[in-house]
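# Commentary on secondary and tertiary structure
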Amino acid sequence: MGTLTAHRPLGEDVVANAVLAATRDPRFAPVEPEELGSLSLEVSVLTEPEPLEAADEAEVVARLRPGVDGVVLQMGPHRTTFLPQVWEELDDPLVFLVRLKRKAGLAEDFWHEELVVPTYRVRCWSRP
C-alpha cells in the first residue's frame, strides 16, 4: 500500500502506509500482535512518472523494460500500478500489462487511445 504522488513528508507517509498495510489491506487479514516480530518491511520511493509514448498496446509491450519499469495504468476512474519488483513474478511484458489491466478493473483485452501508461523507477530499502 502506498501513494503514487507525494502529499506529505516521506517519514509520515511511510508510517501511515505501514499502519494501513498492517490493518486495512483488503488483500490480507490484519496483522496480529504476535506476528510483529516476523514482519519484513520494504519501502519504495518512486521517481516522477514519465509518459510512455506509444500508439498501441503492442508498442507499450515492446517499450516496457522488465525489472526496471514500474507502470501506472490510468483510464478515467481506473488507476493502478505495479512496482518494478512485480517483474520478479511476471517477467513477460504482455502478461505484466494484462494483469495490470485486470488489477485496474479493466478487461484483459481492453485498449483505448486515451489509456495513460506512465512508467517510473524506484529506490528501494528493505528490512528483513
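The structure presented is a predicted model; accordingly, all values stated were derived computationally and were not measured. (Residues numbered from 1 in each chain as written. Predicted model: local features only at pLDDT ≥ 70, side-chain atom pairs only at ≥ 80, totals over all residues. Heavy atoms only, no water.)

## Comments concerning the pattern of salt bridges
Applying the stated rule across the entire model yields six salt bridges. Taking the shortest distance from any N to any O, the salt bridge between R121 and E50 comes out at 3.1 Å. You can see R121 sitting in the loop between strand 5 (118-120) and strand 6 (122-127) and its partner E50 sitting in strand 2 (residues 50-51), a full 71 residues away along the chain. With a relative accessible area of 40%, E50 lands in the partly exposed category. The residue K101 makes a salt bridge to E57 at a minimum N-O spacing of 2.5 Å. Here the residue K101 occupies a position in helix 3 (residues 93-103), and E57 occupies one in helix 2 (residues 57-63), the gap between them amounting to 44 residues. Comparing K101 with E57, the two get one shared label, buried. (Salt bridge = Lys/Arg side-chain N within 4 Å of Asp/Glu carboxyl O. Helix = DSSP H or I, 4+ residues; strand = E, 2+ residues; numbered from the N terminus. Buried < 20%, exposed > 50% of the residue type's maximum accessible area, 1.4 Å probe, protein only.)

## Here's the deal with the environment of L94
Following the sequence through the fold, L94 ends up in helix 3. For the pair L94 and L64, spaced 30 residues apart in sequence, the C-alpha separation works out to 9.2 Å. Not counting residues within four places of it along the chain, the set of residues in contact with L94 comprises E57 and V61. (Contact = heavy atoms within 4.5 Å.)

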